[in-house]
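Below, each chain spelled out in residue letters.
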Amino acid sequence: MNPSAETPVGERRRGLQRAVVDWYRRESRELPWRAPERTPWQVLVSEIMLQQTPVARVLPVWRRWLERWPEPSDLADASPADVVRAWGRLGYPRRALRLHAAAQSIRDEHGGRVPDDHAALLALPGIGAYTAAAVAVFAFGQRHTVVDTNIRRVEARLVSGRALPSRSLTAAETRLAEELLPDDVAESVAWNQAVMELGALVCTARSPRCDECPVQDECAWVAAGRPPAEKTPRGQAWKGTDRQVRGAIMAVLRAAEEPVPRPLLLADVVSAEQLAAQHPSPPDVVVEHLTKLWHLPAPAEQRERALAGLLADGLAAQDDGAVSLPA
DNA sequence: CAAGCGTGGTA
DNA sequence: TTACCAAGCTT
């Protein structure tokens, strides 16, 4: 390769790569799933837990999870109820069920080892484009284009000069990420990790710390005077939604050692007292969560719908009029 | 492609 | 306090 043949674009690209990777070596967090002795299973578990969930909340659950189920086959042999309870309050508990199903697939179809093939990873339940690439890159050191929310935001600002990426992943974004990815395998791994960390620590969504950014002089968004986002992203609804009711029901089921009579789950604050008198009094922990559920301003129809959804998703099971976590 | 899916910290 | 946001996936 003749250096004089290097294009200006290629030179800039390599300058960005060096600056961001050097920054990563100085400033990155020491996270257990990045330790040299990490296993692919540990990486996979971390990636599932980190979907839409902050690092600080994942750390303690991740440690206990892998202490209890150190290999995929260990998790595969567990019951869904134990899995959902161990998931605790990480949120999106369907992720726990999918991780459980993925572990069973790994045990039954991959000899108990996390597959290192991108397509095989993608075929596992709960693993999409991002997670398949992340495991292939961070666990197996392969060269793939990783596109997560951090990388999208960094590249939107750095190259496109926009404050925030579009609502959904576009083909142009994927193409840009592919173009920026170093050709060398080891460098591509470092780049993926470094850009993601830059987005998490410096190039954050709300209050970016551009004064600490290693490529602020190269940033198109900074050069443009940091213009605000065109369309303010729509926040996720919560109050009054089925999700809120589902969450409250799941809290009851996680706390309950015994199946909970369906009428108790579906009761509201008005009818709860007389209904409770007809049933054996549950433990205080359960009552605490039941009380929160009863006090939700949710009509009976919505409570029914929320429970039906949980049953359909396999997050709850019903037997003889009583509801519990799936055995 | 947009909607739906949990939870808790932070501005 | 309300609203946004956090290493997405599935339908």
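Preceding this section is the structure that the text describes.
In this text, all values refer to a predicted model and were calculated from it rather than measured experimentally. (Residues numbered from 1 in each chain as written. Chains lettered and ligands numbered in written order. Predicted model: local features only at pLDDT ≥ 70, side-chain atom pairs only at ≥ 80, totals over all residues. Heavy atoms only, no water.)

Participant: Sorry, what's going on with the protein's contact with DNA strand B here?
Facilitator: The immediate surroundings of DNA strand B are formed by 20 residues, with Arg89, Tyr92, Pro93, Arg246 and Gly247 found nearest. Taken together, the sugar and phosphate atoms account for 58% of what DNA strand B places within 4 Å of the protein. In this structure, a base oxygen belonging to DNA strand B sits 3.2 Å away from a side-chain N or O atom of arginine 57. Contacts to DNA strand B include arginine 243, whose side-chain N or O atom sits 3.1 Å from a base nitrogen. Contributing elements (two or more residues each) for the surface near DNA strand B: helix H6 (94-109) and helix H13 (242-255). Among the elements that take part in the surface near DNA strand B, H13 stands out by supplying five residues, more than any other. (Near = heavy atom within 4 Å. Polar contact = N/O pair within 3.5 Å; in protein donor to acceptor, adjacent residues only side chain to side chain. Helix = DSSP H or I, 4+ residues; strand = E, 2+ residues; numbered from the N terminus.)

Participant: Is there a simple way to explain the protein's contact with DNA strand C in this structure?
Facilitator: Around DNA strand C sit 28 residues in total, of which Trp33, Leu50, Gly128, Thr131 and Gln236 are the nearest. Each atom of DNA strand C within 4 Å of the protein belongs either to a base or to sugar and phosphate, the latter forming 63%. The contact in question runs from a phosphate oxygen of DNA strand C to an N or O atom on the backbone of glycine 126, over 2.9 Å. Take asparagine 150: an N or O atom from its side chain is 2.9 Å from a phosphate oxygen of DNA strand C. Elements that contribute at least two residues to the surface near DNA strand C include exactly helix H8 (129-138), helix H9 (149-158) and helix H11 (185-201).

Participant: Please clarify how the nonpolar core should be interpreted in this entry.
Facilitator: For soluble globular proteins, nonpolar side chains are generally found buried alongside one another. Judged by nonpolar contacts, the single largest core of 34 residues is most densely connected at Trp41, Met49 and Trp65. Secondary structure elements with two or more residues in this core: helix H2 (40-49), helix H3 (55-68), helix H4 (72-76), helix H5 (80-87), H6 and H8. No other element matches the seven residues that H3 contributes to this core. (Core = buried A, V, L, I, M, F, W, Y, C linked by side-chain atoms within 4.5 Å. Buried < 20%, exposed > 50% of the residue type's maximum accessible area, 1.4 Å probe, protein only.)

Participant: Any chance you could explain the pattern of salt bridges here in plain terms?
Facilitator: Close approach of charged atoms allows side chains of opposite charge to pair. Tallied over the full model, the rule gives 16 salt bridges. The partner of glutamate 173 in a salt bridge is arginine 152, and the shortest N-O contact between them spans 2.6 Å. Placement of glutamate 173 in helix H10 (residues 171-180) and of arginine 152 in helix H9 is noted, with a sequence separation of 21 residues between them. Take arginine 152: its relative accessible area is 14%, and that puts it in the buried class. If you follow the salt bridges from partner to partner, you end up with Arg13, Arg143 and Asp183 in one network. (Salt bridge = Lys/Arg side-chain N within 4 Å of Asp/Glu carboxyl O.)

Participant: Which parts of the structure should I look at to understand the layout of surface pockets?
Facilitator: Any space left empty among the atoms is revealed by the rolling of a water-sized probe across them. Of the pockets and cavities examined, the second largest pocket occupies roughly 310 Å³. Contributing to the lining of the second largest pocket are 14 residues, with Arg14, Gln17, Arg18, Pro182 and Glu187 lying nearest its centre. Where the lining of the second largest pocket is concerned, the elements lending two or more residues are helix H1 (8-27) and H11. Ranked by residues supplied to the lining of the second largest pocket, first place goes to H1 with eight residues. For the lining of the second largest pocket, the residue count by class is three nonpolar, two polar and nine charged. (1 Å grid on protein atoms, 1.4 Å probe; cavity = no way out; pocket = protein on both sides within 12 Å on 5 of 7 lines; lining within 4 Å. Points joined across faces, edges and corners; volume = space filled by probe spheres on them. Nonpolar A, V, L, I, M, F, W, Y, C, P; charged D, E, K, R; others polar.)

Participant: Please clarify how the sheet that holds strand S1 (residues 260-261) should be interpreted in this entry.
Facilitator: Hydrogen bonding along the main chain pairs the strands of a sheet, whether they run parallel or antiparallel. Reading across the sheet, the three strands line up as S1-S3-S2 and stay open at both edges, with antiparallel pairing between neighbours. Of all the strands in the sheet, the pair left with one neighbour each is S1 and strand S2 (317-319). Where S1 meets strand S3 (residues 322-324), two bridges bridge the pair, whose relative direction is antiparallel. The residue of S3 that forms the bridge with proline 261 is alanine 322. (Pairing = 2+ DSSP bridges.)

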